[in-house]
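# Summary of the model geometry
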Amino acid sequence: ILSQESDHRLLNGMQMIVSLLSLQSRASENAEVASQLAVAANRVATIARVHRDLHNFDGVQTVALKQYIEDLCRDMSAMLSTEKSPEQIIAVEGIEINLPTTTGIPLGFIVNELITNAVKYGNGRITVRLESNPGMGYALSVSNDGPPLPEGFDPTVRKGLGMTIIRSLVERIDGELQIARADESHGAHFTVLFH
């Protein structure tokens, strides 16, 4: 009971932080500050969602990855619908696989960061796809409509926190990150290969 109460208070505290950051973001007259506060609120909200989901996985060694990502994307859609694009669609496609939670949870964080970037820099439909990959086992990709990545885009030299988080989590699961610039009608395409 004490553990449950502690978790409940932690989640309430995190929700309060998200609310305060969101309010401060909307109140800021500086667009850059407002954007950074909104990103911080999104990251704290993601940690809270993952913490909540971890309790659903208590004692469970594997996670149904597609279902987990669908739940995550549904939450993100609700959160993003009041922001940049009310009609933004996040579609989850592909196969269902069961993975160890030690791989599934970091993949959830990666998807969150990639969708956040897609919303920030792209527009229209965002597609999350999970499929088999003959070389690495599985491929998880996030792509969006909108402008392609700039010429010479190199995630290894990007100083943004989002790409740093993504690279770190990909390394943690012994995966490989592939990036395609796409073309004028389709935006960025990020793929994580993993076992």
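What you see is a predicted model; the values in this text were computed from it and never measured.

On to the overall build of the protein. Looking only at helices and strands, the protein has 5 helices and 7 strands in total. Listing every helix and strand of the protein by position from the N terminus yields α-α-β-α-β-β-α-β-β-α-β-β. Within the protein, buried positions represent 42% of all 195 residues. Sequence-distant contacts in the protein: of pairs separated by 6 or more residues, those separated by 24 or more amount to 71%.

Here Glu113 shows up in helix α4 (residues 101–121). For Glu113, a relative accessible area of 6% corresponds to the buried category. Spatially, the C-alpha atom of Glu113 lies 9.8 Å from that of Val39, the residues being 74 residues apart in sequence. Residues within four places of Glu113 in sequence aside, it is in contact with Arg43, Gly162, Ile165 and Ile166.

A word on the pairing of strand β5 (residues 137–145). Each regular strand displays side chains that alternate between the two surfaces of the sheet. Looking at chain direction, strand β4 (residues 123–133) and β5 are connected through 9 bridges and run antiparallel. Paired with Asn133 across the bridge in β5 is Gly137. Between the end of β4 and the start of β5, which pair antiparallel, lie 3 residues.

This next bit is on a nonpolar patch on the surface. Together, Met16, Leu20 and Leu23 make up an exposed nonpolar region whose accessible area comes to about 320 Å². Here Met16 shows up in helix α1 (residues 2–27).

Scanning the model with the defined rule gives 5 salt bridges in all. A salt bridge links Arg43 to Glu113, with the nearest nitrogen and oxygen atoms 2.9 Å apart. Taken together, the residues span a long stretch of sequence, with Arg43 in helix α2 (residues 31–56) and Glu113 in helix α4 at a distance of 70 residues. Neither residue differs from the other here; Arg43 and Glu113 are each classed as buried. Glu93 serves as the salt-bridge partner of Arg129, at 3.4 Å between the closest nitrogen and oxygen. Of this pair, Arg129 sits in strand β4 while Glu93 sits in strand β2 (residues 90–94), placing them 36 residues apart in sequence. Overall, the relative accessible area of 31% leaves Arg129 in the partly exposed class.

Ranked by internal contacts, the top residues of the largest apolar core, which has 34 residues, are Leu65, Leu107, Ile110, Ile115, Val128 and Phe194. Those elements that provide at least two residues to this core are α3 (65–80), α4, β4, β5, α5 (161–172) and β7 (186–194). Of the residues forming this core, the biggest block, 8 residues, is contributed by α4. Here Val128 is in contact with Ile69, Cys73, Ile90, Ala91, Val92, Glu93, Val111, Ile115, Leu140, Ser141 and Val142, once residues within four sequence places are set aside. In this structure, Val18, Leu21, Leu37 and Ala45 belong to the second largest nonpolar core, which totals 8 residues.

Across the protein, the average pLDDT comes to 83, with 82% of residues at or above 70. Mean pLDDT across the secondary structure elements of the protein bottoms out at α2, with 81, and peaks at β2, with 94.

A word on the packing of α4 against α5. Where α4 contacts α5, the two axes come as close as 9 Å, and the packing angle between them is 155 degrees. When the axis of α4 is compared with that of α5, the two are roughly antiparallel. Handedness of the α4/α5 crossing: left-handed. Here Pro106, Phe109, Ile110, Glu113, Leu114 and Asn117 of α4 come into contact with α5, specifically with Gly162, Met163, Ile165, Ile166, Leu169, Val170 and Arg172.

Thresholds, definitions, all that
- Residues numbered from 1 in each chain as written.
- Predicted model: local features only at pLDDT ≥ 70, side-chain atom pairs only at ≥ 80, totals over all residues.
- Heavy atoms only, no water.
- Helix = DSSP H or I, 4+ residues; strand = E, 2+ residues; numbered from the N terminus.
- Buried < 20%, exposed > 50% of the residue type's maximum accessible area, 1.4 Å probe, protein only.
- Contact = heavy atoms within 4.5 Å.
- Pairing = 2+ DSSP bridges.
- Patch = residues over 30% accessible without salt bridge, like charges linked within 9 Å, V, L, I, M, F, W, Y side chains within 5 Å.
- Areas by Shrake-Rupley, 256 points an atom, 1.4 Å probe, with all protein chains shown as cover.
- Salt bridge = Lys/Arg side-chain N within 4 Å of Asp/Glu carboxyl O.
- Core = buried A, V, L, I, M, F, W, Y, C linked by side-chain atoms within 4.5 Å.
- pLDDT = per-residue confidence, 0-100.
- Axes fitted to C-alpha atoms, helices over the stretch in contact; angles between N-to-C directions.
- Parallel < 35°, antiparallel > 145°, perpendicular 65-115°, else oblique.
- Left-handed = near helix turned anticlockwise from the far one by under 90°.

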